[in-house]
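Structural overview
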Amino acid sequence: MKGFEFVSAKDARHAVALMAEYGPKAKILAGGTDLLVDLKSVPEAPPAVIDITRAADMKEIKVTDRGLVIGALATHGEIMSSPEIRDRYPALVDAAHSIGAIQTRSLGTLGGNLVTAVPSLDSGPALVALEARVTIAGAGGSREMPLIEFFVGPRRTALKAGELLVDVVIPKKNLGKPAGFQKFGLRKGQALALVNSAASFWLDPAKKVFVDPCIALGAVAPTVIRAPKAEAYLAGKKVTPEAMAEAGRIAAGEAKPISDFRASADYRRDLIAVLTKRSLEGALAVAERNQKESRK
Ligand SMILES: Cc1cc2nc3c(=O)[nH]c(=O)nc-3n(C[C@H](O)[C@H](O)[C@H](O)COP(=O)(O)OP(=O)(O)OC[C@H]3O[C@@H](n4cnc5c(N)ncnc54)[C@H](O)[C@@H]3O)c2cc1C
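Heads up: these notes are all about the structure in this document. (Residues numbered from 1 in each chain as written. Predicted model: local features only at pLDDT ≥ 70, side-chain atom pairs only at ≥ 80, totals over all residues. Heavy atoms only, no water.)

1. Points about the site of the ligand
Every one of the 30 residues lining the ligand counts as a neighbour, but Ile28, Thr33, Leu35, His76 and Thr109 are closest to it. In this structure, an oxygen atom belonging to the ligand sits 2.6 Å away from a side-chain N or O atom of Thr33. A distance of 2.6 Å is found between an oxygen atom of the ligand and a side-chain nitrogen or oxygen belonging to Thr109. In isolation the ligand has 990 Å² of accessible area, and contact with the protein removes 86% of it. When atom positions are compared with the pocket grids, the ligand is found to occupy the largest pocket. In terms of residues, the shell around the ligand owes the most to one element, helix H7 (residues 110-116), which gives four residues. Taken together, the residues of the shell around the ligand break down into 14 nonpolar, 13 polar and three charged. (Near = heavy atom within 4 Å. Polar contact = N/O pair within 3.5 Å; in protein donor to acceptor, adjacent residues only side chain to side chain. Areas by Shrake-Rupley, 256 points an atom, 1.4 Å probe, with all protein chains shown as cover. 1 Å grid on protein atoms, 1.4 Å probe; cavity = no way out; pocket = protein on both sides within 12 Å on 5 of 7 lines; lining within 4 Å. Sits in = over half its atoms within 2 Å of the grid points. Helix = DSSP H or I, 4+ residues; strand = E, 2+ residues; numbered from the N terminus. Nonpolar A, V, L, I, M, F, W, Y, C, P; charged D, E, K, R; others polar.)

Given below as structure tokens:
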């Protein structure tokens with residue numbers, strides 16, 4: 001690895017100031033599980049690596065009047081053990097648990113995962129299915145956008161030079177929205193997703209119909225995508241195994257998976273159908289558990 005200056009930011013604002021000082025080639029270091037691998041092979045070292053791991057204002061997981069705010073520095077392990085997340089969003093816990101092994105989950109952060117923006121990233125679909133938004137800070141101030149728009153291509157995000165991903169927010173309207181997550185890789189652990197899928201919906205307690213269904217898919221297009229035709233098919237329909245299976249088939253037709261050395265496009269389409277159905281079943285299990293608990 002080539003030499004570089006190493007500086008530490010005490011909070012998000014300081015990190016933005018350091019980025020402005022060292023210029024667009026400076027690199028942010030969070031958990032380092034991706035960055036350190038990359039730094040070993042780059043032809044030219046960055047002028048500085050800006051360590052943000054001490055920025056306490058980017059670590060918190062809390063419910064505020066914006067919704068559930070997850071700091072970009074929250075690690076996958078912290079997401080798995082957060083009571084705020086565990087009780088409301090088992091899908092986010094399942095997505096975090098599917099990332100690498102315990103060492104990767106202990107160091108790797110949510111922000112780092114989203115900024116790498118690889119098509120198979122595991123935190124993306126579960127958050128997109130909950131219509132998460134991201135907060136971005138730069139020298140000119142802060143801005144917010146839907147997470148789905150943050151991904152602009154494979155390994156490309158909407159971050160401009162000098163900008164920092166500060167947090168991810170699940171909006172208030174989706175606090176406690178039942179969701180499910182599924183991933184299929186070539187091994188049970190330490191494998192990238194061939195397909196990952198997440199779904200959320202509110203279950204109307206009286207009519208037992210899908211309300212506001214939302215389906216997100218990963219590793220089947222250059223970025224995480226929604227499946228709007230499958231969502232429209234489900235909206236207002238009775239919750240049945242047949243409807244969930246049909247939504248899976250529709251979602252498979254909406255994606256544009258590729259064939260590569262890991263799987264063919266046809267195999268991936270079959271996976272989309274199966275995993276979408278299972279994500280919907282996962283969301284249903286959460287919805288039924290919530291309804292049972294609210295009757296106690
Ligand atoms: C063995 C192994 C297994 C893995 N398995 C999986 C897996 O199954 N699923 C999966 O999705 N990923 C996996 N990963 C990838 C990786 O661990 C995750 O993407 C991780 O969450 C990255 O976070 P980090 O904090 O380590 O990022 P870093 O390596 O610190 O940073 C990654 C990139 O994001 C930038 N960055 C980080 N934080 C910010 C921020 N807040 N604002 C702006 N830029 C930022 C950095 O400059 C860098 O370019 C694996 C990695 C390894 C090494």
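Still more ground to cover, so stick around.
2. Digging into unusual backbone geometry
If you check the backbone angles, Glu131 has positive phi at about 55° while not being a glycine. Positionally, Glu131 belongs in the loop between helix H8 (123-129) and strand E6 (133-138). Taking relative accessible area as the criterion, Glu131 reaches 22% and is therefore assigned partly exposed. The phi dihedral of Asp212 is positive, around 55°, even though this residue is not glycine. Tracing the sequence through the fold places Asp212 in strand E13 (residues 210-218). When its relative accessible area of 36% is taken as the criterion, Asp212 is described as partly exposed. (Buried < 20%, exposed > 50% of the residue type's maximum accessible area, 1.4 Å probe, protein only.)

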